[in-house]
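# Structural features, examined
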Amino acid sequence: MSGESLGTDGKAQYPHRVVFNVKALLFERQGLENLELRDVDTRELREGEVRLRVTLASVNPVDILSVEKLRVSPMPHIPGSEFTGVVKEVGEGVENVKEGQKVAVYTRLFDGKCDMCMRGEQTYCVSGKRMGVEAQGGYAEEVIVPAINVFPSDLPEEALASLPIATLTPYHALRTARVSPGETVVVLGASGNTGSFAVQLAKFMGATVVAVTRKEWVKELGADYVVDYSHADVLVRDITEGRMADVVVNPLGKDYWDLGLKLVGNLGRLVFFGGITGNQTSINLGEIYSRHISLLGTNRGRVSEFVELLRLCRRCKVKVGKVFPLERGVEAMMEFKSGSRDGRIFIKVN
Ligand SMILES: [Zn+2]
């Protein structure tokens, strides 16, 4: 099947010598119903690339969006923006990893040369691409990635397959909000993909953490307080003696915007990313400036933060919801969409 190959660069591939075929979940037309498991050609490695045998991938809102709505390339397209694997082969000039090593994958491609990369802001690389959206993703038996995107690690598979999005996004948000020891951090959506890591990471940073959720198991993540949405206001008022939170994390979008504003105190920071309930809301400017609230929108994170997480996340717990084999990847995505999930949805590939 020439023309479908696992290169991440999105350019036309010329498999001058097809090595062998691998299975991948892909679609030619958008829509979950068009996602299917097919054989695709792989190709020889170029200089500076590595071939990974994907072991575990995760399902995130961005993956659903890539199958249904986002402008994706190349076509046919392989989704999967968060995954981990084992190095199967290294290309010429690759020195940072060896065959057989388990790796964490920074799943945003970057050139390492532009002004944004030089500032360490790889998320905003001028020629950057998200694997699974503007480049092929990881819902495949194998994937080819630049060696600068992979980092050897012996973290558990579930933690590695949660690092590029679920862990990195809230870590960057908490760092951007400059959370310091002793501060009160409220996490909305605390049982979600990013929320469950926001709780743990804020705790590692020394904050007093209030996890807002309806799920009891969030207590195991180390939050100081776990509270239902309807009681969050009273609890936060109580434990802060009326001052309210220093930092509120909202990964949920517009439906929780007002609650987030209510829970943040004077001079506080409201940090937000992701719009799973929608992005459009209205803001009372007076409420923001009169209380000196900083609104911080954030997006994924830096390579430097990703590397920090390899050490920090030795203590991370991952709530596993359901695990599906690659051939049942469509079911995994439907399970994610159903809203009934409890813990992370994974796709076990190899
Ligand atoms: Zn760049």
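Each chain has its residues counted from 1, following the order in which its sequence is written. Local features in this predicted model are restricted to residues of pLDDT 70 or higher, and side-chain atom pairs are both shown and tallied only at a pLDDT of 80 or more, whereas totals for entire chains, interfaces and linings draw on every residue. No hydrogens and no water enter the side-chain calculation; it runs on all heavy atoms of the structure.

As recorded in an unreviewed UniProt entry, the protein chain goes by Zn-dependent alcohol dehydrogenase and comes from Metallosphaera yellowstonensis MK1.

## Observations concerning the overall build of the protein chain
Only runs of H or I of at least four residues qualify as helices and only runs of E of at least two qualify as strands under DSSP, and these elements are numbered from the N terminus. Each helix and strand counted, the protein chain has 10 helices and 17 strands in total. Expressed along its principal axes, the backbone C-alpha trace of the protein chain runs to roughly 70 × 40 × 35 Å. A simple rule labels every residue: compare its accessible area, found with a 1.4 Å probe on the protein chains alone, to the largest value its type can have, and call it buried under 20%, exposed over 50%, or partly exposed in between. Buried positions account for 55% of the 350 residues belonging to the protein chain. Taking as baseline every contact in the protein chain between residues at least 6 positions apart, the subset at least 24 positions apart corresponds to 71%. Throughout, a contact is declared for two residues whenever any of their heavy atoms are within 4.5 Å.

## Topic: the UniProt feature "domain: Enoyl reductase (ER)" (unreviewed entry) in the protein chain
UniProt tags residues 31–347 as "domain: Enoyl reductase (ER)" (unreviewed entry). Here residues 31–347 is 26% helix and 26% strand, with 19 Å between the C-alpha atoms at its ends. UniProt positions are given in the numbering used here, feature names are shortened, and annotations may be inferred rather than shown by experiment.

## What to know about the layout of surface pockets
Put simply, the largest pocket is a space of about 1,300 Å³. Top contributing element to the lining of the largest pocket by residue count: helix H1 (residues 61–68), with 5 residues. For the lining of the largest pocket, the per-class residue count stands at 14 nonpolar, 17 polar and 10 charged. Think of a 1 Å grid over just the protein atoms. A cavity is a set of points where a 1.4 Å probe fits yet cannot get out, a pocket is an open set with protein on both sides within 12 Å along at least five of seven lines, and lining residues have an atom within 4 Å of a point. Grid points are joined across faces, edges and corners, and a volume is the space filled by probe spheres set on the points. Residues were grouped as follows: Ala, Val, Leu, Ile, Met, Phe, Trp, Tyr, Cys and Pro as nonpolar; Asp, Glu, Lys and Arg as charged; and all remaining residues, including Gly, as polar.

## What to know about the domain arrangement of the protein chain
Here the bounds of each domain stem from an automatic or database domain assignment. As assigned here, the protein chain comprises domain 1 (21–162 + 318–348) and domain 2 (165–297). Computed from C-alpha coordinates alone, the two centres of domain 1 and domain 2 are separated by 28 Å. Counting residues at the interface gives 15 residues for domain 1, matched by 9 residues for domain 2. Buried area between domain 1 and domain 2, both sides added, is near 1,100 Å², and the carbon and sulfur share of it is 56%. What counts as a salt bridge is simple: a side-chain nitrogen of Lys or Arg found within 4 Å of a carboxyl oxygen of Asp or Glu. Our count for the domain 1 to domain 2 interface comes out at 1 salt bridge. Any pair of nitrogen or oxygen atoms within 3.5 Å is treated as a polar contact; in protein, a donor-acceptor pairing is required on top of that, and neighbouring residues in sequence qualify only through side-chain atoms on both sides. Remark: the boundary between domain 1 and domain 2 carries 8 residue pairs in polar contact (both at pLDDT 80 or more). Values labelled buried area give the accessible surface lost by two parts on being combined, using a 1.4 Å probe and summing over both.

## Observations regarding the coordination of the zinc ion
Only N, O and S atoms count as donors, using a 2.8 Å limit from the metal and a wider 3.2 Å limit for Na, K and Ca, and since water is excluded some coordination spheres may look unfilled. Taken together, Asp111 (OD), Cys114 (SG), Cys117 (SG) and Cys125 (SG) make up the full set of protein donors to the zinc ion, lying 2.1 to 2.3 Å away. Any coordination sphere not matching a tetrahedral pattern (four donors, all angles between 85 and 135 degrees) or a square planar or octahedral pattern (four or six donors, opposite donors over 155 degrees apart, other angles between 65 and 115) is reported as irregular. Each of the 4 donor atoms bound to the zinc ion contributes to angles spanning 96 to 122°, and the resulting shape is tetrahedral. For the zinc ion, all donor residues lie on one chain, and their spacing in sequence is D-x2-C-x2-C-x7-C. One end of the pair, Cys114, is in the loop between strand S6 (108–109) and helix H2 (115–118); the other, Cys125, is in the loop between H2 and strand S7 (129–130), and 11 residues separate them in sequence. Take Cys114: its relative accessible area is 9%, and that puts it in the buried class. Judged by its relative accessible area of 7%, Cys125 is buried.

## A word on the sheet that holds strand S12 (residues 225–227)
In spatial order, the strands read S12-S11-S10-S13-S14-S15; together these 6 strands make up an open sheet with parallel pairing. The open sheet has two edge strands, S12 and strand S15 (294–297), and neither has a second partner. Strand-to-strand twist across the sheet, computed as the mean angle between neighbouring axes with direction ignored, equals 20°. Examined bridge by bridge, strand S10 (residues 184–188) and strand S13 (residues 245–250) share 3 bridges and lie parallel to one another. Bridge pairing in S13 links Val186 to Val248. For two strands to pair, DSSP has to find at least two bridges joining them. Every axis corresponds to a line fitted to the C-alpha atoms, with the helix fit spanning only the stretch in contact, and the corresponding angles, defined between N-to-C directions, vary from 0 to 180 degrees.

## Comments concerning empty space enclosed by the protein
Remark: the empty space left among the atoms is shown by a probe the size of a water molecule rolled over them. Enumeration according to the criterion identifies 1 cavity of 30 Å³ or more in this entry. Each pocket or cavity is described by its volume, and for the largest cavity that value is around 30 Å³. Every residue lining the largest cavity is listed: Tyr106, Thr107, Arg108, Pro164, Leu168, Arg300 and Gly301. Tallied by class, residues from the lining of the largest cavity come to 3 nonpolar, 2 polar and 2 charged.

## Here we look at helix H6 (residues 232–239)
Taken residue by residue, H6 has Ala232, Asp233 and Val236 as its buried positions. End-on, the buried residues of H6 take up no more than an arc of 95°, which puts them together on one face. Seen from the open side of H6, the exposed residues pointing more than 90 degrees away from its buried face are Val234 and Asp238. In this structure, the buried side of H6 is in contact with S10, strand S11 (208–212), S12, S13 and helix H7 (257–263). Each C-beta atom gives one direction from the helix axis, and the arc is the one those directions make.

## Considering the packing of aromatic side chains
When two rings of Phe, Tyr or Trp (its six-membered ring) have centres within 6.5 Å they constitute a pair, described as stacked for plane angles under 30 degrees, edge-to-face for angles over 60, and tilted for the intermediate range. With the rule as written, the count across this model stands at 5 aromatic pairs. Seen from their ring centres, Phe151 and Phe306 are 5.7 Å apart, and the 55° between their planes marks the pair as tilted. In this pair, Phe151 sits in strand S9 (residues 150–152) while Phe306 sits in helix H9 (residues 303–312), placing the two residues 155 residues apart along the sequence. Here Phe151 and Phe306 have matching classes, each one buried. Geometrically, the ring pair formed by Trp257 and Phe272 is edge-to-face, given 5.1 Å between the ring centres and 90° between the ring planes.

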